[in-house]
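A structural walkthrough
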Amino acid sequence: MNVLGIIFSYAERDNLRELTKPRTLASLPIGGKYRMIDFILSNFVNSNIFDVSIITKNNYHSLIDHVGSGKEWDLTRKIGGLRVLTPFASPDAKGNGIYNSRVEALSYNMNSIKRSRAEYVIMTNCSTIYNIDFEELLRFHVDRRADITAVYTNNIQDPSLLAYDAPFYHVNDSGRIEDVRLFSEENGRRIDDYRSANGENEPINKSCGLGVFVIRKSLLDSLIADAMAYGRLDFYRDILQRLAGSLNIQGYEYQKYFMGIDSISSYMRANLKLLDVEIRNKVFENVVYTKVKDSVPAEYVSGCVVKNSIISDGCRIEGTIENCVLSRGVKIAKDSIVRNSVIMQNTTIMENVNLNYVILDKDVIVRENRKLSGHETFPVVIEKATIV
Amino acid sequence: MNVLGIIFSYAERDNLRELTKPRTLASLPIGGKYRMIDFILSNFVNSNIFDVSIITKNNYHSLIDHVGSGKEWDLTRKIGGLRVLTPFASPDAKGNGIYNSRVEALSYNMNSIKRSRAEYVIMTNCSTIYNIDFEELLRFHVDRRADITAVYTNNIQDPSLLAYDAPFYHVNDSGRIEDVRLFSEENGRRIDDYRSANGENEPINKSCGLGVFVIRKSLLDSLIADAMAYGRLDFYRDILQRLAGSLNIQGYEYQKYFMGIDSISSYMRANLKLLDVEIRNKVFENVVYTKVKDSVPAEYVSGCVVKNSIISDGCRIEGTIENCVLSRGVKIAKDSIVRNSVIMQNTTIMENVNLNYVILDKDVIVRENRKLSGHETFPVVIEKATIV
Amino acid sequence: MIYAKKKEMIAMLLAGGQGSRLGVLTKDVAKPAVPFGGKYRIIDFPLSNCVNSGIDTIGVLTQYQPLELNTYIGNGQPWDLDRINGGVSILPPYVKGKAGEWYKGTANAILQNSNFIEMYHPDYVLVLSGDHVYKMNYELMLDFHKETNADCTIAVIQVPFEEANRFGVMSTDQNRQVYEFQEKPEDPKSNLASMGVYIFNWEKLKDYLIEDDNDPNSENDFGKNVIPNMLNAGERLFAYTYGGYWKDVGTIESLWEANMDILDPNVPLKLNDPPWKIYARNAGQPPHYIGEHAELKNCSISEGCMIYGKVDHSIIFPSVTIGNNAIVSNSIIMPNVSIGEGAVIEYAIIGENAIIEQGATVGCINTAKLSGEHREITVIGQDIRIGAKNSIPAGEMVEFSLPGKEPLR
Amino acid sequence: MIYAKKKEMIAMLLAGGQGSRLGVLTKDVAKPAVPFGGKYRIIDFPLSNCVNSGIDTIGVLTQYQPLELNTYIGNGQPWDLDRINGGVSILPPYVKGKAGEWYKGTANAILQNSNFIEMYHPDYVLVLSGDHVYKMNYELMLDFHKETNADCTIAVIQVPFEEANRFGVMSTDQNRQVYEFQEKPEDPKSNLASMGVYIFNWEKLKDYLIEDDNDPNSENDFGKNVIPNMLNAGERLFAYTYGGYWKDVGTIESLWEANMDILDPNVPLKLNDPPWKIYARNAGQPPHYIGEHAELKNCSISEGCMIYGKVDHSIIFPSVTIGNNAIVSNSIIMPNVSIGEGAVIEYAIIGENAIIEQGATVGCINTAKLSGEHREITVIGQDIRIGAKNSIPAGEMVEFSLPGKEPLR
């Protein structure tokens, strides 16, 4: 495949509070043993794209730890392979070396991007879990002689799982995006507006962007150079919206399942949705690769009660869990009851604890007899390595 | 081997002018197809140390390009392996995330260093090419029950190849370093003082440090934490010198060949020294791994004249070269004469050019009929990608 | 142009055995590739032991049905053995000159690969077999080998005297030097049994392998020929005593027992042991899912499983589905098995990809079970389908698929 | 538990051949492992062609002296073939059930590995041999195969009619469909010669391989049996014409010529071709050194060499030393050869690690050379030592070391 994948590992803004304090969005644990980036990387690899660059900004230590040399994704390649682009790498990094917008981020890393042999670029954020066949997407882009192809979805069953800064595209009958509608910060969050106008769980019958774009590398280079020259730093407003009239921007409709995660409540919701067999089958339709930890299989001790839960390797369950998602190496001692909760790696729940709607980050210890309870939309979040 | 190797990829200060403008010291090309870091990485791998971290500061793009995932050095390991530590990786990076001293650099990266399973750390700069058996060095450190072991050399045949900020150690009869003598910036460069006092090429009968240290990881952690707490940021002055009385700092004498490179003239000298068979055999006593480029073997066209030169794969020689070191992919057209010069990758010399004592960086083009001439100690340096 | 760095010791792992006593379980795979302990294969144990002991160069000698084993080992990455210098190499038989030669015995297999060994100029060669479950630090054994200045060191384990006749047993003096060796003796003089783990000085071993090869009556086997020859010639053989868990999993009974040992907190086979991990190729499946009405008791469950029924005292490998109201007890369910609704599995080993349809029963006995009674293990072969409501009596070994049937009324 | 992603096409590379016409050069190595072109092995060409054509799954079928080849291929990293899904796999013969079977012919080798092929559920299988030097885009051939809706596509090259009897030749209609196939015909009806490069629809091929296996009179060979059978049965066979450089390097003469072709700017075998690189395992040596009095003319020199003498129209592999006043002309010097002071080598191939001591001469003729005269190639085998001042006449093939001698006066 003649494509370089570019992943923005961070969200322009997110509302994940404690969860993205010790890490960038890309390395947020989800679905038991995965990190957000696993889904995107696997998507590329499953589409035979073995040339992938991850653009980082800060706080990317856990991301580097996780992806390592890219071996687990078959991305330790001699030609192409995985590159993590970090700040200050290049002598021509301007200013303080830190970029504040996608346009700047692309500009500062353009030398490295240009070094790839690929002719096309597929750019994506990593706040959304989806399952696109990028080979098909590229064929679409080439067949339509598009300058840019933007992926959108039309039928949003669950608006709470759509990124709140997703743009609306006006797609005409021939599939061309004629206009892009954005809501600037001052106007509030667009999806939220829709939610309040249409009710929280009403489907939205609009074409919403998923933050995935195909573009010829040489065109990207000149668009970014141009935008930088005029100080136009917003990719959506200054490139997509401004050039919708002059460039052939095609819309590619994504019709399969997706989950966008940009807040504590959408994070909670996405995890619990995976307990639904149908949704799980959609999300894991193709192999999702992740870092191997060589944990032992989960152990269930006599006396445990486990219902409707996802459990990872290395867990040891003596107590009761119900509607939970457990990462690797979680220990639940006897007489403890955990419900409707997401528990990350190596967290230990001691005896006689009672938890409901709680998100426990990595390496947390909940001592005996503690009781914590949140609500589905406002779960209690316990920071990494806290002792409760 | 129970050791984590730590490499400082940058020089605290160097005098390499144009050569380190587009790159950090670690990725400076040398000896035809190598980069400075190849010698250090190979030293670790040849000593069965497969857990290596490279601390970068800025300008490390070419370094990352060169080392990639570490495959060529057999460092793409599941346990240990190669890590490149870059700025802004960690949420606890203080200030602007950039470190100004070794103590700060170690402090900011201590979390990552601590994650290694190794008990000991061997730290090294990468301005010096040497050939130490680190396994033997570690045995020495353990046998002597040392807190720190510092590597030094006693018999400096060629002071011009010693780093000018190298410290002098006072080693007592039992091998303990009792005092460390430093020259602060104001007092000028110590080695230069010696040179002027003793003559440029007189051997120095002093114990000079080579910038290589062995230390238990836990001790390093507490020394660095301590130094940071008191704002003592100079590793030599604030740790070695200050604690020489209280810690058991052992000196390990290195008796083999070395070349330190921190100026244009020592860079030139080191390259030309490799034309000496004896020195070359010493430097390449063990395998030196580097990035593979899959170039074709060098082509010599009828009419070429080649004398006393090192030529890398992918070169094509039609003209005359004498006492030169050529990196991969250099083209010398007919009727050109190049003497006493170092020519880096993919540089092209067109017809009827005459060069003497010149350093040509990568991707330079020297057009027809040009004539450039420097002096051994003041070679002409042509910057990367210049057209002359 | 074969360059290789000198290695102090390399390992040669004999993985050629068919393991015919495991019956249908080794019909299509070599014994070392048989799944074990929920996510491992038997060969993971010697491979991980090597890596954890600092041995990074391993030759794996295969000749029986090697595809699955070769694919499993691949480039060695799961064991950190994908190395430029050394790593894991598969060594099949080959044609040299005009004709090819299959491996005639364990010793012959090593001899035929002496070119491979010589590439690394090792001082010592560690010879291992691929059919035991144990965790052992070979580095300590090498230290012992060097200290005693031995020509060959044999790892031994104490076994009950009544079982000693199944092993090669050694009589040693107070310095642990071997003065007598009996291969599967009727009347054992010692209960120190060979574990099939040897360290040889390579130069010495080479001489004996060549000598052995020239003997037309030899079976070219370490235990039967090479070790006795060395002892008779007065070489220094020492016994290195190993005190941990060690099990030959060469029979259905012992394979079942060793699996169940994992669930027994009193047995010293601890797999969750970070400094001495057992590495395995990962199934790459999502975490498993436990349904609303599942009941779990003292069991081990792996990735990709969907558990809706009851599991008691069993080992469940990756990607197994256990339907509603199904009951699995005292059993080993290998990867990718599907167990239908209401099926009952007792004291059984179900081979990879097998399908037990709804309502079928495997290994059940209708009579009331006496406590402590010995139950025979039932085995369902790889890829076998047991039709709905069919019933497999205890102790059967099923090699062909069976259709569904109406239950007896 | 062998999972693999579906691949549209995988390659099967027949690397089992002994290549006996290369004499001493293939005494210890399989033909595909013979060094070529200064830094390559012959097998680098089909492997690199695959990678450059986007084929990432390759089975290499070996059975003759595979150690050097296996070590050379290793985990496939030099060709970017160290992959989790696919990559390069070595496929030796193996024991199945009770007895082992060596590969009987090219077709049988593929059949015995159908389990490997089936893992990837390929639509197409590309069959290659490991003894040709050429650069070819198999992807374009696959496009042709799909366009013509063929069952089998055979790559062909035009050869002079007088040489056609050395090949399988094809007669085609105007659509390039094959209507007649002759294997090494005395009286060729066409000059379109098979290059030994085939694309088959896998399902179709499988049927013919099984049919072929059931025929006790078959030699189990593609050219002799499978292709004629398919043609007779009316399958759609097409010829895909290749127009580039292609050379069978199966003889000493052709191996020498193909090497010299690299030095000839008029021959379309360009190795320095970034978009279609030929990958090779790297020697890992420092750049070579040219001494004060060396003289070089139209030659190619590799890493690690130390050149003090004269080199004219020759290919010098890595780590070769050529002493003062030595003369090497029109020769191929394989890796790690040492040529002493004043030695003279003409029209020769010197095998790996050979030592030509000082003053020795190889392949020289005393009579004045007529221009355009045909010179026989002299071959010195791997690891051979030619003693000081000894003289090897032109056209000899030296298999044993020879002592030094006083020169004839």
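Each chain has its residues counted from 1, running along the sequence as written. All chains are assigned letters beginning at A, and all ligands numbers beginning at 1, according to the order in which they are written. Local features in this predicted model are restricted to residues of pLDDT 70 or higher, and side-chain atom pairs are both shown and tallied only at a pLDDT of 80 or more, whereas totals for entire chains, interfaces and linings draw on every residue. To obtain the side-chain values, all non-hydrogen atoms of the structure were included, while hydrogens and water were left out.

1. Quick look at unusual backbone geometry
Residue and element names in this part refer to chain B. Even without being glycine, Arg-17 reaches a positive phi, approximately 45°. Every helix listed is a DSSP run of H or I at least four residues long, and every strand listed is a run of E at least two residues long, numbered separately from the N terminus. Of note, Arg-17 is situated in the loop between strand E1 (3-8) and strand E2 (29-30). Given the relative accessible area of 45%, Arg-17 is considered partly exposed. Positive phi, close to 50°, is recorded for Asn-323, a residue that is not glycine. Note on exposure labels: buried denotes an accessible area under 20% of the residue type's maximum, exposed denotes more than 50%, and partly exposed covers the range between, all computed with a 1.4 Å probe on protein chains only.

2. Quick look at the domain arrangement of chain A
Residues and elements named next belong to chain A. Domain start and stop positions are those given by an automatic or database domain assignment. The domains assigned to chain A are domain 1 (3-283) and domain 2 (299-382). Of note, the centres of domain 1 and domain 2, computed from C-alpha atoms alone, are 32 Å apart. Computed with a 1.4 Å rolling probe, the buried area is the accessible surface lost when two parts are put together, summed over both parts. In this assembly, domain 1 packs against domain 2 so that about 1,700 Å² is buried in total across both faces, 66% of it on carbon and sulfur atoms. Per-residue buried area on domain 1 facing domain 2 is highest for Gly-32, Met-268 and Leu-275; these three make up 34% of the total on that side. Salt bridge, as used here, is a side-chain nitrogen of Lys or Arg placed within 4 Å of a carboxyl oxygen of Asp or Glu. Across the contact surface, domain 1 and domain 2 share one salt bridge. Residue Arg-23 pairs with Asp-361 through a salt bridge whose shortest N-O separation is 2.7 Å. Under this definition, polar contacts are N or O atom pairs within 3.5 Å; protein pairs additionally need one hydrogen-donor-capable and one acceptor-capable atom, and for neighbouring residues in sequence, both atoms have to be side-chain atoms. Our enumeration of links across domain 1 and domain 2 arrives at two residue pairs in polar contact (both at pLDDT 80 or more).

3. A closer look at the interface of chain C and chain A
Chain C puts 32 residues into the contact, and the matching count from chain A is 31 residues. On the chain C side of the contact with chain A, Pro-287, Tyr-289 and Glu-292 of chain C bury the most area, a combined 21% of that side's loss. In this structure, the connection of chain C to chain A is made through three salt bridges. A salt bridge links Lys-33 of chain A to Glu-303 of chain C; the nearest nitrogen and oxygen atoms lie 2.7 Å apart. If you look at where chain C meets chain A, you find 15 residue pairs in polar contact (both at pLDDT 80 or more). Contributing elements (two or more residues each) for the side of chain C that touches chain A: strand E16 (288-290), strand E17 (295-297) and strand E18 (299-301) of chain C. Charged means Asp, Glu, Lys or Arg here, nonpolar means Ala, Val, Leu, Ile, Met, Phe, Trp, Tyr, Cys or Pro, and polar covers whatever is left, Gly included. Grouping the amino acids of the side of chain C that touches chain A by side-chain chemistry returns 14 nonpolar, twelve polar and six charged. The criterion for strand pairing is that DSSP finds at least two bridges linking the strands in question. Bridging between strand E16 (residues 309-311) of chain A and E16 of chain C involves three bridges; their strand directions are antiparallel. Within E16 of chain C, the residue paired with Ile-310 of chain A across the bridge is Tyr-289 of chain C. Any two residues whose heavy atoms approach within 4.5 Å at even a single point are treated as in contact.

4. Let's talk about the packing of helix H6 (residues 202-213) of chain C against helix H7 (residues 222-232) of chain C
Residue and element names in this part refer to chain C. Closest axis-to-axis distance for the H6/H7 pair is 10 Å, and the angle between their directions is 120°. For the element pair H6 and H7, the recorded crossing hand is right-handed. Counting all contacts with H6, which are made through Lys-204, Leu-205, Tyr-208, Leu-209, Glu-211 and Asp-212, the residues of H7 involved are Phe-222, Asn-225, Val-226, Asn-229 and Met-230. For the contact of H6 with H7, a count of residues per class yields six nonpolar, two polar and three charged. The axes used here are C-alpha line fits, helices contributing only the stretch in contact, and every angle between their N-to-C directions lies in the interval 0 to 180 degrees. Less than a right angle of anticlockwise turn of the near helix away from the far helix marks a crossing as left-handed, whereas a clockwise turn marks it as right-handed.

5. As for the sheet that holds strand E27 (residues 371-373) of chain B
All names here are of chain B. Spatially, five strands are ordered E15-E18-E21-E24-E27 in an open sheet, and the strand pairing comes out parallel. Both outer strands of the open sheet, strand E15 (305-307) and E27, are each paired with one neighbouring strand and no more. Ignoring which end each strand starts from, the neighbouring axes of this sheet average 5° apart. Sheet analysis places strand E24 (residues 354-356) next to E27, joined by three bridges and oriented parallel. In the sheet register, Asn-354 faces E27, and the bridge partner there is Lys-371.

6. Notes on the interface of chain B and chain C
At the junction of the two partners, chain B supplies 13 residues and chain C supplies ten residues. At the boundary of chain B with chain C, total buried surface from both sides reaches about 1,000 Å², with 35% on carbon and sulfur atoms. Our enumeration of links across chain B and chain C arrives at two salt bridges. Among the ionic pairs, Asp-82 of chain C bridges to Arg-77 of chain B, the shortest N-O distance being 2.9 Å. If you look at where chain B meets chain C, you find eight residue pairs in polar contact (both at pLDDT 80 or more). For the side of chain B that touches chain C, the per-class residue count stands at four nonpolar, three polar and six charged.

7. Here's the deal with the packing of aromatic side chains
Here a Phe, Tyr or Trp ring, Trp counted by its six-membered ring, pairs with any other such ring whose centre lies within 6.5 Å, and the pair is stacked when the planes are under 30 degrees apart, edge-to-face when over 60, and tilted otherwise. Across all of its chains, the model carries 50 aromatic pairs over all chains by this definition. Aromatic pair Phe-144 of chain D and Tyr-240 of chain D: ring centres 5.4 Å apart, planes at 55°, arrangement tilted. Here the residue Phe-144 of chain D occupies a position in helix H5 (residues 138-147), and Tyr-240 of chain D occupies one in strand E14 (residues 237-241), the gap between them amounting to 96 residues. Neither residue differs from the other here; Phe-144 of chain D and Tyr-240 of chain D are each classed as buried. The structure contains a cluster of three or more aromatic residues connected by ring pairs, namely Phe-44, Tyr-130, Phe-134 and Tyr-254 of chain A. The rule for a charge over a ring is simple: NZ of Lys or CZ of Arg within 6 Å of the ring centre, and within 35 degrees of the ring normal. Arg-102 of chain A extends its terminal NZ or CZ atom over the ring of Tyr-10 of chain A, reaching a point 6.0 Å from the ring centre.

8. Regarding the environment of Glu-104 of chain A
Residue and element names in this part refer to chain A. Following the sequence through the fold, Glu-104 ends up in helix H3 (residues 102-108). For the pair Glu-104 and Met-228, spaced 124 residues apart in the sequence, the C-alpha separation amounts to 7.2 Å. Contact partners of Glu-104, with chain neighbours within four places excluded, come to Tyr-99, Met-228 and Leu-233.

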